[in-house]
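Residue-level structure breakdown
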Amino acid sequence: MKITPKAKRNISRITPFAIIWLLIGWIIDITVFDVTHNQILNPDTGISYTIPVLIFASLANVLVGLIVGVLEVVYLEKRFSNQSLSAKLFYKFLIYLTLLIIIIVLLFPVASTLETGISLLEVDAWQKLGRFLISISFLITLFQLSVKLMVSLIYSAISENLGHQVLLNFFSGKYHQPKIEKRIFMFLDMKSSTTIAETLGHVKYFKLLDTYYSIMSDSIINSFGEVYQYIGDEVVISWKPGKGINQSSCIKCFFDIRDHLNEQKEVLFHEFGFEIGFKAGIHFGEVTIGEIGALKKEIVFTGDVLNTAARIQSLCKELKSDLLISGAIKELLPHSNYQYSSKGEIELKGRNKKEELFSVTLEKKPTIANKVYN
């Protein structure tokens, strides 16, 4: 079964939760082992650190980390999107802690049987659980869980705001030193945005932008695109060449976004009173990528390709096309069900050489009446 781009992205976002829980679990276990020399301070409720118990604890940490990751990425992330950061952390913390206490009640007897060899069917295994739940050991366990939860939730909040890929790049140090890469860029701009903003007012216009960007998110993910920047009503999407060119993903992204907006057309019109459209320009070339900033670090792209893509997008209205692409990207794209119409070589503002531009439309499929049968 083929894994979808969205599923791959979710897996890459969930995995760090398991790593966080595993590493913090190891740090705590090693610290406790070093301090106590593996002496059980409370024999009635504690469990000694044997190899089977440590392996089980590691597996349990990974499992719980994955559970937290799945809940966070798939279910809870959007449920609290309108809450403040402090409220979001508080409510999620309570939900996860309640869930984890239930997991402890289920897993503690298993760990106890690994240590003592007592069957789960024996009364002693469950009596030890009862003693554990009213002991200092349980409070220490809750503290350990709280630390793991807070680190996970803080990581999640940072990842949500910076972007998962950007956060990974920061941690890996990939762009601590500037690098030159080839990238595809699409500048996508809302039509008549000034008129819409003046009519709606800044508060309702902000809500429109939030809805607008949410509608296009799945299309960007499914095309393997990365959002580089939101600039007012404009979004800049980037692809690595292999992903953007494969199956014309960068072009497909545009038409998928248009389809999703059309599906929500009536809802958007009812709520905001406007039909929302957009135009876009796509270009391909070299950029320098690196971390920049003194008071605030960001991963920044610089290069002529960005300026050119922005200028191509600005010509959409003049050339009567919703999607314009450069010759540089057109010659790399595979044959597909898109039609490319040359707009001639255009001299772009700020550039000495001309660039051939192409408008892109969906290829019209012949109707039955137009088919010729031999």
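Residues numbered from 1 in each chain as written. Predicted model: local features only at pLDDT ≥ 70, side-chain atom pairs only at ≥ 80, totals over all residues. Heavy atoms only, no water.

Bringing the overall build of the chain into the picture now. A count of helices and strands for the chain gives 13 helices and 8 strands. Counting the 374 residues in the chain, one finds 42% classified as buried. Counting contacts in the chain only where the partners sit at least 6 residues apart, residues at least 24 apart contribute 69% of the total. For the chain, the exposed surface amounts to about 21,500 Å²; the carbon and sulfur share of it is 60%. (Helix = DSSP H or I, 4+ residues; strand = E, 2+ residues; numbered from the N terminus. Buried < 20%, exposed > 50% of the residue type's maximum accessible area, 1.4 Å probe, protein only. Contact = heavy atoms within 4.5 Å. Areas by Shrake-Rupley, 256 points an atom, 1.4 Å probe, with all protein chains shown as cover.)

We now examine helix H2 (residues 51-76). If you check H2, its first and last C-alpha atoms are 35 Å apart, about what 26 residues at 1.5 Å a residue would give, namely 38 Å. All of the buried residues along H2 are Val53, Ser58, Ala60, Asn61, Val64, Gly65, Val68, Gly69, Glu72, Val73 and Leu76. (Expected span 1.5 Å × (residues − 1).)

Before going further, it helps to spend a moment on the packing of helix H8 (residues 202-222) against helix H10 (residues 249-263). At a closest axis distance of 9 Å, the pairing of H8 and H10 adopts a crossing angle of 135°. With respect to their mutual orientation, H8 and H10 come out oblique. Handedness of the crossing formed by H8 with H10: right-handed. Here Tyr212, Ile215, Met216, Ser219 and Ile220 of H8 come into contact with H10, specifically with Cys253, Asp256, Ile257, His260 and Leu261. Across the contact of H8 with H10, the residue classes tally to 7 nonpolar, 2 polar and 1 charged. (Axes fitted to C-alpha atoms, helices over the stretch in contact; angles between N-to-C directions. Parallel < 35°, antiparallel > 145°, perpendicular 65-115°, else oblique. Left-handed = near helix turned anticlockwise from the far one by under 90°. Nonpolar A, V, L, I, M, F, W, Y, C, P; charged D, E, K, R; others polar.)

Another aspect to go through is a nonpolar patch on the surface. Together, Ile19, Leu23, Trp26 and Ile30 line one region of the surface with nonpolar side chains, adding up to about 410 Å² of accessible area. As for its placement among the helices and strands, Ile30 is situated in helix H1 (residues 5-36). Take Ile30: its relative accessible area is 58%, and that puts it in the exposed class. (Patch = residues over 30% accessible without salt bridge, like charges linked within 9 Å, V, L, I, M, F, W, Y side chains within 5 Å. Salt bridge = Lys/Arg side-chain N within 4 Å of Asp/Glu carboxyl O.)

Using the criterion set out here, one finds 10 aromatic pairs in the structure. Where Phe254 meets Phe255, the ring centres are 5.1 Å apart and the plane angle is 85°; that geometry is what we call edge-to-face. Each member of the pair, Phe254 as well as Phe255, carries the same accessibility label: buried. Three or more aromatic residues joined by ring pairs make a cluster, and in this case those are Phe254, Phe255, Phe278 and Tyr338. The side chain of Lys330 reaches across the aromatic face of Phe358, ending 5.3 Å from its centre. (Phe/Tyr/Trp six-rings, centres within 6.5 Å; stacked < 30°, edge-to-face > 60°. Lys NZ or Arg CZ within 6 Å of the ring centre and 35° of its normal.)

A separate point is the nonpolar core. In terms of nonpolar packing, the biggest core is built from 39 residues, with Met186, Leu188, Leu208, Tyr212, Ile251, Leu323 and Ile325 touching the most fellow members. Top element by residues in this core is H8. It accounts for 8 residues. With residues up to four places along the chain from it excluded, the contact list for Ile251 reads Ile282, Leu323, Ile325, Leu333, Tyr338, Tyr340 and Val360. Residues Phe93, Ile104, Leu129 and Leu145 belong to the second largest nonpolar core, which totals 28 residues. (Core = buried A, V, L, I, M, F, W, Y, C linked by side-chain atoms within 4.5 Å.)

At Gln247, a residue that is not glycine, the phi angle is positive and equals roughly 55°. Its location among the elements puts Gln247 in the loop between helix H9 (241-245) and H10. Overall, the relative accessible area of 60% leaves Gln247 in the exposed class. Unlike most non-glycine residues, Ser248 shows phi in positive territory, near 55°. Considering the arrangement of structural elements, one finds Ser248 in the loop between H9 and H10.

Looking now at the environment of Ser248. What makes Ser248 buried here is its relative accessible area of 0%. Separated by 90 residues in the primary sequence, Ser248 and Tyr338 place their C-alpha atoms 9.2 Å from one another. Residues contacting Ser248, with those up to four places away along its chain left out, are Leu333, Pro334, Ser336, Tyr338 and Tyr340.

Below, the discussion takes up the confidence of the model for the chain. Here the chain averages 84 in pLDDT, and 87% of its residues register 70 or above. Taken together, the stretch residues 367-374 has pLDDT below 50 and engages in 2 contacts with residues farther than four places along the chain or on a different chain. (pLDDT = per-residue confidence, 0-100.)

What follows covers the pairing of strand E1 (residues 179-190). Remember that side chains alternate between the two faces of the sheet whenever the strand is regular. Extensive coverage of E1 is indicated by the burial of 9 of its 12 residues. Direction of pairing for E1 relative to strand E4 (residues 278-292): antiparallel, over a ladder of 12 bridges. Each residue of the ladder has a partner; that of Ile180, found in E4, is Thr288. Summarising the sheet, E1 and strand E3 (residues 234-239) pair through 6 bridges and their orientation is antiparallel. From the neighbouring strand, Met186 faces E3, where its bridge partner is Ile237. (Pairing = 2+ DSSP bridges.)

Secondary-structure assignment places Ile237 in strand E3. Since its relative accessible area comes to 0%, Ile237 is described here as buried. Beyond its immediate sequence surroundings of up to four residues, Ile237 is in contact with Ile184, Phe185, Met186, Ile220, Gly225, Glu226 and Cys253.

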